[in-house]
Each structure stands twice: as structure tokens, then as C-alpha cells.
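Examination of the molecular architecture
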Amino acid sequence: MKTLELQFVTANNKTASVSIEDPIEPVDTAKVKAAMEQLIAANVFQNSTGYAFTEMKGARLVDHNVTEYTIE
């Protein structure tokens, strides 16, 4: 499963992230940047200690693969 992770810097200079499952690929970085700017401007998210997102830090596509093995 792939996840798009949007990373932000908070008002207390910590990193916070928002994850989006099953993103559209290829990732359109211009749209991601615009969405991140809107999230910051709307001030709708805070980290666990109540600090708002203040700037963009980055974005990354995380691919989590699981391989199961049968052990006999």
C-alpha cells in the first residue's frame, strides 16, 4: 500500500505530518504544494501539543510492502 505523507513544520519548530492513503500517481507536485499551502492558510491542523502548521517541510511517497512466509 502506498501513502503520500505531507510534512509540515509547526509553530514550535517540530515536524508534523498528514498521510493520504492510495494517492493518485504519478504525484503532481504542483497540486501537492497548493494543497499544503491551503492547509497552512486554513489553520485546520495542529500537532499533538496544539501548535499550528506554519510551513511546508516536504512530501514523500511511502510504499509499504509486506511479504508473508509460511513457517512449517
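This text follows the structure it describes.
What comes next concerns the included structure. None of these values were measured; they are calculated from a predicted model.

How each quantity is defined
- Residues numbered from 1 in each chain as written.
- Predicted model: local features only at pLDDT ≥ 70, side-chain atom pairs only at ≥ 80, totals over all residues.
- Heavy atoms only, no water.
- Phe/Tyr/Trp six-rings, centres within 6.5 Å; stacked < 30°, edge-to-face > 60°.
- Helix = DSSP H or I, 4+ residues; strand = E, 2+ residues; numbered from the N terminus.
- Expected span 1.5 Å × (residues − 1).
- Buried < 20%, exposed > 50% of the residue type's maximum accessible area, 1.4 Å probe, protein only.
- Arc of directions from axis to C-beta.
- Salt bridge = Lys/Arg side-chain N within 4 Å of Asp/Glu carboxyl O.

Before going further, it helps to spend a moment on the packing of aromatic side chains. Applying the stated criterion across every chain, the model contains two aromatic pairs. Both rings, one in F8 and one in F53, keep their centres 4.6 Å apart while their planes meet at 25°; by these two values the pair is stacked. On the criterion of sequence distance, the pair formed by F8 in strand 1 (residues 2-10) and F53 in strand 3 (residues 53-63) is long-range, its members being 45 residues apart. The interplanar angle of 20° and the centroid separation of 5.9 Å between the aromatic rings of F45 and F53 together place this pair among those described as stacked. One aromatic cluster in this structure is built from F8, F45 and F53.

To continue, consider helix 1 (residues 29-42). The periodicity of an α-helix, 3.6 residues per turn, causes residues three or four positions apart to be oriented the same way. Here helix 1 spans 20 Å end to end across 14 residues, near enough to the 20 Å set by a 1.5 Å rise per residue. Regarding helix 1, the residues found buried are V32, M36 and I40. All buried residues of helix 1 fall inside an arc of 70° around its axis, so they share one side. Of the exposed residues in helix 1, the ones pointing more than 90 degrees away from its buried face are A30, K31, Q38 and A41.

Now for the pattern of salt bridges. Applying the stated criterion across every chain yields a total of two salt bridges. A salt bridge links K2 to E25; its shortest N-O distance comes to 3.3 Å. One end of the pair, K2, is in strand 1; the other, E25, is in the loop between strand 2 (15-21) and helix 1, with 23 residues separating them in the sequence. Between E5 and R60 there is a salt bridge; the shortest N-O distance is 2.8 Å. Here R60 lies in strand 3 and E5 lies in strand 1, a separation of 55 residues in the sequence.

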